[in-house]
Each structure stands twice: as structure tokens, then as C-alpha cells.
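Coordinate inspection notes
Spelled out, the chains give:
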Protein chains: 2
Amino acid sequence: MTERSFEILDVSLRDGSHAMKHSFTEEQVRATAKGLDAAGVNYFEVSHGDGLGGSSLQYGFSKVDELKLIEAAADECENAKVSVLLIPGIGIKEDLQEAVKVGAKMVRVATHVTEADVAAQHIALGRELGLKTVGFLMMAHMAPVEKVVEQAKLFESYGAEIVYVTDSAGYMLPNDVTERISALKQSIGCEIGFHAHNNLSMAMANTIAAVEAGATYIDGSLRALGAGAGNTQTEVMAAVLERLGYNTGIDLYKLMDVANDVVAKFMQRPQEITGSGLIMGYSGVYSSFLLHTQAAAQKFGVDERDILVELGRMKAVGGQEDLIYDVAQQFALKKQKVEV
Amino acid sequence: MTERSFEILDVSLRDGSHAMKHSFTEEQVRATAKGLDAAGVNYFEVSHGDGLGGSSLQYGFSKVDELKLIEAAADECENAKVSVLLIPGIGIKEDLQEAVKVGAKMVRVATHVTEADVAAQHIALGRELGLKTVGFLMMAHMAPVEKVVEQAKLFESYGAEIVYVTDSAGYMLPNDVTERISALKQSIGCEIGFHAHNNLSMAMANTIAAVEAGATYIDGSLRALGAGAGNTQTEVMAAVLERLGYNTGIDLYKLMDVANDVVAKFMQRPQEITGSGLIMGYSGVYSSFLLHTQAAAQKFGVDERDILVELGRMKAVGGQEDLIYDVAQQFALKKQKVEV
């Protein structure tokens, strides 16, 4: 048997938590974990959508404690390893220690693409705990290639074994992916991963571009279950990459079975590209801006899409939510002038 | 104002007829047509999913006579032109003459990729009636590039002004598209079009590949409403191609409005990539085989996916439905031997 060309890492039980409003049950998690393990997926992630410690008023309370879900998932696996997401500031080091006690074998420490430095201690802890340890650069379209390389080098220097380029807003097109992954391939020694969202219907093409440029970890979710427009659809990805001649190491039919007989059955809504999803991908702004933008648009009587596109141009980042109202007001004033 | 880089042709009201079980109402068609026209789409198609004359016991009866729908659509347009699909053998020349009387301005004459010769008279009639006349090569993945070129030349010799490469099964990957469109570009003088399905989540990437190789007509449907896994999502396509620097000539927000405020409201089911959709794209067999295959799989106690993949390998085409039962029986025999 030839070696796998890459690892497919399934995030249905973590990114999918957003789409499920953090309501996963132990039964759902067990059935999904069991199916992924049987299909030959070696890594999959289980956490609140915003990572360990995400269950809160601000990010949404989980129906079932994530430690219970992680334990249940690990319990179903013969070969697969459970990953957890940790966003420093939301989760803390103790959360990771607890997750390891119940079976987590991999941690992905996630920061905004320009803020890898906040993750030094968490990466170190991951290694100390014997975990497969990953640095996860979110909103990677917002920084120029050189910055992405610089931040990836930081992650590597802290001890990360894999660095991910993460297209959180589903903004990237294949060239954006190729240049980022290629630059990392030339600059760092550790493995490279890629995580896509499908807001522009390009998640699959971007994932192929990542593999062609040298990524050896690629994320997907079953039936695309994930935030916004969802992720690269795992079972479709396995089929496409097999057609392209790669050794996925996956049993396609078994993967389809868990997608269609398990996940599709508990999804709360289909993963379509709606108006909001499209405009987030088009403008490249973070999904947490959406609700504020809709409120501001209504208050000032302007089109929410104009606000989002302008925020994208300004490269607004999380924490700058005040900007939304300024932008909305400016559009309202412009509109008045035109009408006068 | 610079010239458009290509024409986006919307097929929501024709390929979408499959997804709607041919139940379009005049009101739905009027609202969609009006929105497409307002957004700056120059061509869109209105017909039964299987083209003029498709309303029948075999292909499904239309709720409203398609001539009424074509007339209603044309009535809503200031600039846009209504196209009709005609599959010789399903529709006849009189159907086209009637469609022209109620406002059709374009005809797309569709044949299996190896059978352009059955369309000579229909193409000639289209020209005679003053229509923009198109030859539409379906299941274009099933023939080698040289055959596609040969058939396109036939269409051109009959008078077609545009020849389409049609990925009816959603089987193609970007390289398949690039080599076909590039070869046509070098071999024929008329314009080239491309029509995608999203079974492998590659419709958008394939459409970009087509444009890059020289296609000047590209099909899409709003919210991806179409047969199987649906088509390239028109409003997303406009956004992506704009991001890539092309002049689409489209008002993106108005296109999003008709997608999300009109079409999304009347869709009967979301356009997801289900198990059946994926396996059709993976194996490259025609969607009309699906129901027979499911019946044969049940009768012989075998996996429908094995049958479909084998039919794809054999390059089975419409009319060879008997093969399905032969293949199912072979799998059943193989299974028996293993069990013995």
C-alpha cells in the first residue's frame, strides 16, 4: 500500500458546531466519530465552534459540555485521533489539559493571521502534553504573503509541527492559496495545512490548489457542515482527489455513508450560499460583523452589502465593530446628498 | 464603458425546471425574468427541463404550458432575450416555431456529444427564424477532445453561431474543461460556451477555466437551481468573475436580489451535493440512469454505487438502460462467490 498523499482532517464536529448552534448531542458525535474512523479518516476535530472554552454568553452556550463530546468521540475511535481547537483568549491552558485527559491527541492553536505571538505558550504546552501541535492562521487573506510567512515562522519557532493557512471568510481564489502555500513551502520546515470556506463556491478548487502547492493537511466537513457557507465537503473532496490520482487512504463509500446517513440527518439547515454568505466571501470580512452590520444598515437605512464591502476595503478586524456604525452613517449621508 | 468579457446565460427557468419538477408558475417566471433583466443579464432560458416538448409522461408533465411561460418571461424584459432548449427527438420543429411566436430570440439545439448530425435541420431552422442559434454538446466528458472538435465543426457547418461544451453529469475537472475549450478555440470560428453542473463542487472552478480558455458564453442558475447537484450559481459567478477582473456587465446586488428574494423563496429543496449527486459526478453517468439503478440494486442486493461506477467505466449512454440489470447481476454473482 502506498503512503497517503495527505491527511484529510474533518471539522464537522467543530466548525459544524456553528451551523448547529452548538447543540451537538453525544449520540450525534458518537455516530459521526464512528463513521469517520471506519472510513479511514485519521484526524477529526471536536470542540465548540470557537474552540475550547467557547461555550459562553458571547459565543453561544453548548448544549452538551465539550469535554463530554470529546470523550465520546475518542471512545468511538480505533485509529482516528481527536483534535481540539484552542483560540487563546477564548480558551485557556487548563481547558487543553482537561481535553487531553478525556482523549484529545491534537491541538490546533488559532490566532488572527498577524497575531501568532499570542500563541507561544499554548503551542509549547501542546508539545509538552505530547499532542500533535498545530498553528492555525485565521483570516489568512488579510495579510500579504510575506506577513503570512513571518507568522508561520513564529509558530514553527514555538514548536508547531504543522502550520495552517485558514481562509476563514471564504474570500480566497486559487491564486491566493497557491502563493501562500508555495511561499510557506519554501520558508518553513514543518508541514502545511489548508482550511477553506465555500462562500465563493471555491472551497474545493482552493483545496486542490493547496495540495498542488504542497499542503499535506486539508480540512473538510461532511455535507459541508460549517460556519457561513460551510467548508470543503469532505466526502466530495475524497472523491475529487481520488479522481485526480492522489492516494487519500479513505474508503469513499464509508465516508459517504457517514455524510448522508448520519450528518445529513441531523443538520438544522442545508449548506447553501445565501446572500450573506456570498457578500462575506466577496468582501472578505469576518462573520462576526454580520449581525452588527444588519442592525446598522437598518438604523441608517442603507444597504448592508455596501457596509460590508467598505469594511472589507478598510481591512477591518474583530474588535473594530464601532467602525460599522461610522461606515453606515457615511453611506447614509452620501445617500441624502444624492437625494437632495 | 468597456465591453463585457462574456455573456452570463441564466438557466434557472430551464435547468431549474428539473429541480422544480416542472411546476413553474407564470408568477414565478415573471418575477425571475424581471429580476434577471434588471440585473443586466442579456440571455436566459425558459423551457421544460428536457427542452421544448418535454412535457410528457416520460419526462414529466409541466404544470403550466411552456409557451405561456416563455411569453410571460419575454413580456417582462426590456433588454434580455429569452432562449429555448430544443433536444431533437423530444422537441420538434413546430415547437420552435411556436416558441418564436411568443417571444423566443435564441435556440440551443442539444444533442449527445457524438450526435450533432441529428441537429442539422433544427440549427438551419433557428437561423431561418432569425434566432441566435446555438449547438449544445451534452455529456461532453464522454468523448475525447478530437471527437468534441469534430462534432463542434458539424454544428458550425450547419450554421450554429455558438457551440457549447456541456458537462451534463458534473464529471469534469478544470483540466478537462481547459483542453476541450482550448481545442475548440483553435479549431472553430464561432463563439464557445460552457455549461457546468456542481456534482463534484467544481462548477465554479470549471467555469473560470472555461473563461480563461476562451469561452464567451457561460451558464449559471440562481441559487444553483438545476438538475442533480445544480449548476454554477449565477450570482456567485458574477461576484467571483468581477473579483478576477472581468467585466461581467452585471449589477451584482440586483442579481443577488432576484436569487435570494425570488428564487430562494420558491425552491422546493436546497441545492446540496447529496450521495446520488456525488456518485453521478464521480462516475460520469447520466442522471436518467439513477432510478433504474436504484431498482436494480435493490433487486439484486448490491450497492447502487458499484453499478453506477461500472456503468461510467463502460461509458454507457442513454438508451442502454438494459445494461444496468446486467451489471447488477454480475455484482450479485461476484458477491455470492465471495460469500461462498
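Residues numbered from 1 in each chain as written. Chains lettered and ligands numbered in written order. Predicted model: local features only at pLDDT ≥ 70, side-chain atom pairs only at ≥ 80, totals over all residues. Heavy atoms only, no water.

Heads up, the condition is: UniProt positions are given in the numbering used here, feature names are shortened, and annotations may be inferred rather than shown by experiment.
As annotated in an unreviewed UniProt entry, chain A carries the name 4-hydroxy-2-oxovalerate aldolase and comes from Lysinibacillus composti. Its UniProt record gives chain A a comment under Sequence similarities (unreviewed entry), which states: "Belongs to the 4-hydroxy-2-oxovalerate aldolase family."

**Observations regarding the UniProt feature "site: Transition state stabilizer" (unreviewed entry) in chain A**
All names here are of chain A. The condition is simple: Secondary structure is summarised from DSSP: a helix means a run of H or I of at least four residues, a strand means a run of E of at least two, and numbering begins at the N terminus for each. Two residues form a contact once any of their heavy atoms are found within 4.5 Å.
Following the UniProt record, the feature "site: Transition state stabilizer" (unreviewed entry) maps to Arg14 here. By secondary structure assignment, the location of arginine 14 is in the loop between strand 1 (7-10) and helix 1 (15-19). For arginine 14, the residues in contact, after removing those within four places along its chain, are Glu45, Val46, Ser47, His48, Gly49, Leu85, Arg108, Phe136 and His195.

**Remarks on the side chain of serine 201 of chain A**
Mapped onto the secondary structure, serine 201 of chain A falls in the loop between strand 7 (191-195) and helix 8 (203-213). Here serine 201 of chain A is in contact with Ile273 of chain A together with Met204 and Val236 of chain B, once residues within four sequence places are set aside.

**Regarding the relation of the copies chain A and chain B**
Put simply, the rule reads: Alignment of copies: least-squares fit on C-alpha atoms of residues with pLDDT of at least 70 in both copies.
Mapping chain A onto chain B is achieved by rotating through 180 degrees and translating by 0.0 Å along the same axis, at an RMSD of 0.0 Å. Both copies are brought into coincidence by an operation consistent with a two-fold rotation axis. Interface overlap between copies: 100% of the residues of chain A at the interface are likewise at the interface in chain B, consistent with a symmetric, same-surface contact.

**Notes on the domain arrangement of chain A**
Residue and element names in this part refer to chain A. Condition: Residue ranges labeled as domains rest on an automatic or database domain assignment. Salt-bridge detection follows one rule: a side-chain nitrogen of Lys or Arg within 4 Å of a carboxyl oxygen of Asp or Glu. For this analysis, a polar contact is any N or O atom pair within 3.5 Å, provided that within protein one partner can donate a hydrogen and the other can accept it, and provided that sequence-adjacent residues contribute only side-chain to side-chain pairs. For this classification, the nonpolar set comprises Ala, Val, Leu, Ile, Met, Phe, Trp, Tyr, Cys and Pro, the charged set comprises Asp, Glu, Lys and Arg, and every other residue, Gly included, is treated as polar.
Looking at chain A, the domain boundaries give domain 1 (7-266) and domain 2 (285-339). When each unit is reduced to the centre of its C-alpha atoms, the spacing between domain 1 and domain 2 is 30 Å. With five residues of domain 1 at the interface, the matching set in domain 2 holds five residues. Summed over the shared surface of domain 1 and domain 2, the result is zero salt bridges. Seen at the junction of domain 1 and domain 2, the total is zero residue pairs in polar contact (both at pLDDT 80 or more). Partitioning the side of domain 1 that touches domain 2 into residue classes produces three nonpolar, two polar and no charged.

**A word on the interface of chain A and chain B**
In many reports, interface size means the accessible area that the parts give up when they come together. We apply this condition: What gets called buried area is simply the loss in accessible area from a 1.4 Å probe that two parts show on being joined, summed for both.
Contacts between the two partners involve 39 residues from chain A, matched on the other side by 39 residues from chain B. Summing both sides of the interface, chain A and chain B together bury roughly 3,300 Å²; the carbon and sulfur share of this comes to 60%. Viewed at the interface, chain B and chain A are joined by four salt bridges. With a shortest N-O distance of 3.2 Å, arginine 305 of chain A and aspartate 257 of chain B are connected by a salt bridge. Linking chain A with chain B are 16 residue pairs in polar contact (both at pLDDT 80 or more), by the criterion used here. Every element with two or more residues in the side of chain A that touches chain B is listed here: helix 8, helix 9 (234-243), helix 10 (252-266), helix 11 (275-283) and helix 13 (304-313) of chain A. With six residues, helix 9 of chain A is the largest single contributor of residues to the side of chain A that touches chain B.

**As for the UniProt feature "binding site: Mn(2+)" (unreviewed entry) in chain A**
All names here are of chain A. For clarity, the threshold we go by: When a residue's accessible area, from a 1.4 Å probe over protein chains only, is under 20% of the maximum for its type it is buried; when over 50% it is exposed; and in between it is partly exposed.
The feature "binding site: Mn(2+)" (unreviewed entry), as annotated in UniProt, sits at Asp15, His195 and His197 in this numbering. The annotated residues occupy 183 residues of the chain but converge on a single region, no pair of C-alpha atoms lying more than 10.6 Å apart. By the secondary structure assignment, aspartate 15 is in helix 1. Given the relative accessible area of 2%, aspartate 15 is considered buried. Those residues in contact with aspartate 15 that sit more than four places away from it in its chain are His195, His197, Leu225, Gly226, Ala227 and Asn231. Tracing the backbone through its elements, the reader meets histidine 197 in the loop between strand 7 and helix 8. Note on histidine 197: relative accessible area 6%, which makes it buried. Aside from chain neighbours lying at most four places away, what touches histidine 197 is Asp15, Asp167, Ser168, Gly170, Ala203, Ala227, Gly230 and Asn231.

**Description of the pairing of strand 4 (residues 104-112) of chain A**
Residues and elements named next belong to chain A. Stated precisely, the cut-off is as follows: Strands were regarded as paired on the criterion that DSSP finds at least two bridges between them. Seen with its strands pointing away from the viewer, a crossover is right-handed if its path from the first strand over the helix to the second goes clockwise.
Of all the nine residues making up strand 4, eight are buried; the element is thus mostly covered by neighbouring parts of the structure. Here strand 3 (residues 81-86) runs beside strand 4; their pairing, made up of five bridges, is parallel. Across the sheet, the residue bridging to valine 82 is alanine 104, located in strand 4. In this region the chain leaves strand 3, passes through helix 4 (residues 93-101) and returns to the parallel neighbour strand 4; the handedness of that crossover is right-handed. Judged from the seven bridges that link them, strand 4 and strand 5 (residues 132-138) form a sheet pairing that is parallel. When the sheet's bridge partners are listed, histidine 112 is paired in strand 5 with methionine 138.

**A look at the packing of helix 11 of chain A against helix 13 of chain A**
Residue and element names in this part refer to chain A. Put simply, the rule is: Where helices are involved, their axes are fitted lines through C-alpha atoms of the stretch in contact, as for all axes, and angles between N-to-C directions lie from 0 to 180°. By the definition adopted for this analysis, an angle is roughly parallel if under 35 degrees, roughly antiparallel if over 145, roughly perpendicular if from 65 to 115, and oblique otherwise. Note on convention: near helix rotated counterclockwise from far helix by under a right angle means a left-handed crossing. Clockwise means right-handed.
Interaxial distance between helix 11 and helix 13 falls to 8 Å at its minimum, and their mutual angle equals 25 degrees. Taken together, the axis directions place helix 11 and helix 13 in an arrangement best described as roughly parallel. Seen along the crossing, helix 11 lies across helix 13 with a hand that is right-handed. In this structure, helix 11 contributes Ser276, Ile279, Met280, Tyr282 and Ser283 to the contact, and helix 13 contributes Glu304, Arg305, Leu308, Val309 and Gly312. Looking at the contact of helix 11 with helix 13 residue by residue, the class counts come to five nonpolar, three polar and two charged.

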